[in-house]
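Listed below, chain by chain, are the residues.
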Amino acid sequence: MGSEGYLINQFICARSNTRYDGWGGSYENRIRFPLEIVKAVRERVGTDFIIIFRLSMLDLVEQGSTHDEVVELAKALEKAGVTIINTGIGWHEARVPTIATQVPRAAFAWVTERLKGEVSIPLVTCNRINTPQVAEDILASGQADMVSMARPFLADADFVNKAEQDKADDINTCIACNQACLDHVFKGKRASCLVNPQACYETELVIAPATAKRKVAVIGGGMAGMSFAVTAAKRGFEVVLFEKSGALGGQFNLAMQIPGKEEFKETIRYYTRQVAQANIEVRLNTEADSDTLRDFDEVVIATGVKPRFPAIQGIDHPKVIDYQTFIREQPELGGRVAIIGAGGIGIDVATMITEPENQTLTDWLQDWGIDPT
Ligand SMILES: Cc1cc2nc3c(=O)[nH]c(=O)nc-3n(C[C@H](O)[C@H](O)[C@H](O)COP(=O)(O)O)c2cc1C
Ligand code: SF4
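Residues numbered from 1 in each chain as written. Chains lettered and ligands numbered in written order. Predicted model: local features only at pLDDT ≥ 70, side-chain atom pairs only at ≥ 80, totals over all residues. Heavy atoms only, no water.

Quick look at the packing of aromatic side chains now. This model, assessed by the stated rule, comprises seven aromatic pairs. Ring centres 3.9 Å apart and planes at 20° place the aromatic pair phenylalanine 11 and phenylalanine 33 in the stacked group. With phenylalanine 11 in helix 1 (residues 7–12) and phenylalanine 33 in helix 3 (residues 32–45), this pair connects stretches of sequence that are 22 residues apart. Each member of the pair, phenylalanine 11 as well as phenylalanine 33, is classed as buried. (Phe/Tyr/Trp six-rings, centres within 6.5 Å; stacked < 30°, edge-to-face > 60°. Helix = DSSP H or I, 4+ residues; strand = E, 2+ residues; numbered from the N terminus. Buried < 20%, exposed > 50% of the residue type's maximum accessible area, 1.4 Å probe, protein only.)

So this is what it looks like as C-alpha cells:
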C-alpha cells in the first residue's frame, strides 16, 4: 500500500518526509522504506508468492513525486522483488476528485500507460472502471496489462461471472456516488452500496421464499419501488407496480441529467431490466386509488421525496421554481439565479446551470489542472 497518502507514501514524498536521517532527505533515502519492506516481505514469503505494490503514480498534492521519480521507484521495486505494480491515484488529501461520479470512466488509465515499457512486470490500472467494456477497451489498447476494480464488486458481486457469460446488461453498475461505501467507511460505519443494499449485509438480508402467496401493490416506479418489487417477486409474491408517469426510474431520471452524474442512468437500466425479467405486472401512466388497491393484501408506498418550500414571503411568485420542475422542464433562466439550499441537490442544480454538457476527458483534466504531459 504505497499510495493514497498512507505511511509508505508519506515516506516517499518530500511533502511529508522531513527526516534528516537515512530515511529522509534525498529521493534515494525516501524510497528506502518501501524498498526495505518489499525486500523483507519477499524474503519471508519466498519466490512463489505474488507481491502487488500499489505505487502512487500521481499524488495530486503539492510536493508529490515527479514522473521521473515514479519511474525510478518502479524500477527499484521490480528489482526488490515486486511481482505486479498497481496504480495509486491521489492522496486522500487531494482536492482533485479521483473516483467521484463526475470523474470520467477510466480517467486515469493514461497514468499507468506512461509507466509502460519502463519495467517488465505487469502493470495494473484502476479507478472508475465500471463495466466489462471499459476494462476490455483498456486492455485492448494496451494502456495496462491488467485492471483492478473495487466498488463495482460492491454494486454487483457477480460482476465477473456475468461478464464471463456475456451478460453485461445484467450487471448492477457502480455509479461512483460514494454514498454508501466510502462515506460510510469514513464515518466508521459498515460499507454498503447505494444501488445494492445487500452489499456487506449478505448474511443478514437473506432473501427467503415467501411462506404465503400474497398480492402486493407497489406504488411508485423509482429505484426503491423497483428494487422492492423485484425482491418481492423473487420471493414468490404476486406484484403489481404502479407508476403515475409513463416511465420507470423516478427521480434518477432527473439525477442522470446533471452534468457529471450521467452514470445514474445505469441504475435505471439495471432495475428496469430486472423488473422486466421478474414476474411483475407494471402499470405505467396509472395513479393507484382505493378502488384499484382494494384487492391487494399489502400496499407498499415508494413515491419518493417532494421539494420543500420555505415560508418566505413571495415564495409563490412566478420566478420561483422547484428543482424537480427545473430539471424536468429546463426553462430559460434569467441572468442572476438564487438557489435556496446548498445540499447535494442545490449543488447539482448549480452545476446544471453553469457546467457545459458532454465534457471530454481532456476538458475534464484541464478543468482540474491536471497536465498529462
Ligand atoms: C470502502 C473502500 C475502501 C477503500 N480502501 C482503500 C485502501 O485502504 N487503500 C487503497 O489503496 N484504496 C482503497 N480504496 C480505493 C480502491 O482501492 C480503488 O482504488 C478505488 O475505489 C477506485 O476504484 P473503483 O472505481 O474500481 O472503485 C477503497 C475504496 C473503497 C470503496
Ligand atoms: S455506494 Fe455503490 S454505487 Fe455508490 S460508489 Fe459505492 S459501490 Fe459504487
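For the rest of this paragraph, the subject is the packing of helix 3 against helix 4 (residues 67–80). Relative to each other, helix 3 and helix 4 sit at 20°, their axes nearing to 9 Å. Comparing the axis directions of helix 3 and helix 4 gives the class roughly parallel. Relative to helix 4, helix 3 is oriented so that their crossing is right-handed. Judged by residue contacts, Pro34, Leu35, Val38, Lys39 and Arg42 of helix 3 engage Leu73, Ala76, Leu77 and Ala80 from helix 4. (Axes fitted to C-alpha atoms, helices over the stretch in contact; angles between N-to-C directions. Parallel < 35°, antiparallel > 145°, perpendicular 65-115°, else oblique. Left-handed = near helix turned anticlockwise from the far one by under 90°. Contact = heavy atoms within 4.5 Å.)

Take the sheet that holds strand 6 (residues 238–242) next. The strand order across the open sheet built from four strands is 7-6-5-8, with neighbouring strands paired in parallel fashion. Only two strands of the sheet have a single partner each, and these edge strands are strand 7 (280–283) and strand 8 (298–301). Sheet twist, expressed as the mean angle between neighbouring strand axes with direction ignored, is 20°. Looking at chain direction, strand 6 and strand 7 are connected through four bridges and run parallel. Of the residues in strand 7, the one forming a bridge with phenylalanine 242 is arginine 283. Running at roughly 165° to strand 6, helix 10 (residues 223–235) makes contact with strand 5 (215–219), strand 6, strand 7 and strand 8 of the sheet. (Pairing = 2+ DSSP bridges.)

All of the buried residues along helix 15 (residues 344–354) are Gly346, Asp348, Val349 and Met352. Down the axis of helix 15, the sector holding all buried residues measures 160°, keeping them to one side. Seen from the open side of helix 15, the exposed residues pointing more than 90 degrees away from its buried face are Gly344 and Thr354. (Arc of directions from axis to C-beta.)

Every residue close to ligand 2 is listed here: Arg151, Leu154, Cys174, Ile175, Ala176, Cys177, Asn178, Ala180, Cys181, Cys193, Leu194 and Val195. Taking a 2 Å distance to the grid points as the criterion, the majority of the atoms of ligand 2 fall inside the largest cavity. Of the residues in the shell around ligand 2, the class split is ten nonpolar, one polar and one charged. (Near = heavy atom within 4 Å. 1 Å grid on protein atoms, 1.4 Å probe; cavity = no way out; pocket = protein on both sides within 12 Å on 5 of 7 lines; lining within 4 Å. Sits in = over half its atoms within 2 Å of the grid points. Nonpolar A, V, L, I, M, F, W, Y, C, P; charged D, E, K, R; others polar.)

Attention shifts here to the site of ligand 1. Every one of the 13 residues lining ligand 1 counts as a neighbour, but Met1, Arg54, Arg128, Ala150 and Arg151 are closest to it. In this structure, an oxygen atom belonging to ligand 1 sits 2.8 Å away from a main-chain N or O atom of alanine 150. Here ligand 1, which alone exposes 610 Å², has 77% of that area covered by the protein. Of the residues in the shell around ligand 1, the class split is eight nonpolar, one polar and four charged. (Polar contact = N/O pair within 3.5 Å; in protein donor to acceptor, adjacent residues only side chain to side chain. Areas by Shrake-Rupley, 256 points an atom, 1.4 Å probe, with all protein chains shown as cover.)

Next up on the list: the sheet that holds strand 3 (residues 123–125). Strand order in the open sheet made by the four strands is 1-2-3-4, with parallel pairing throughout. In this open sheet, the two edge strands, each paired with only one partner strand, are strand 1 (52–58) and strand 4 (146–147). Where helix 4 meets the sheet, its contacts fall on strand 1 and strand 2 (84–89), and the angle it forms with strand 1 comes to roughly 170°.

The final tally for this structure, using the stated rule, is 16 salt bridges. Note that glutamate 266 and arginine 269 form a salt bridge whose closest N and O atoms lie 3.0 Å from each other. Here glutamate 266 and its partner arginine 269 are both found in helix 12 (residues 264–277), three residues apart, which amounts to about one turn of the helix. Given the relative accessible area of 12%, glutamate 266 is considered buried. Three or more residues joined by partner-sharing salt bridges are found here, namely Arg105, Arg128, Glu263, Glu266 and Arg269. (Salt bridge = Lys/Arg side-chain N within 4 Å of Asp/Glu carboxyl O.)

This part takes up the domain arrangement of the chain. Frequently, the measure chosen for interface size is the accessible area removed from exposure when the parts meet. Assigned domains within the chain: domain 1 (7–149), domain 2 (215–301) and domain 3 (306–357). In this structure, domain 2 and domain 3 have C-alpha centres spaced 27 Å apart. Domain 2 puts six residues into the contact, and the matching count from domain 3 is eleven residues. Together, the buried faces of domain 2 and domain 3 total about 760 Å²; carbon and sulfur atoms form 63% of this surface. (Domains from an automatic or database assignment. Buried area = accessible area lost by both parts, 1.4 Å probe.)

Here the focus is empty space enclosed by the protein. Summed over the entire model, instances satisfying the criterion amount to two cavities of 30 Å³ or more. Cys174, Cys177, Cys181, Cys193 and Leu194 are, among the 16 residues lining the largest cavity, the residues nearest its centre. Looking at the lining of the largest cavity, its residues break down into eleven nonpolar, four polar and one charged. Taken as a whole, the second largest cavity spans an internal volume of roughly 40 Å³. Around the second largest cavity, the lining residues are Asn9, Ile12, Tyr27, Leu55, Ser56, Ser65, Glu69, Val70 and Leu73. (Points joined across faces, edges and corners; volume = space filled by probe spheres on them.)

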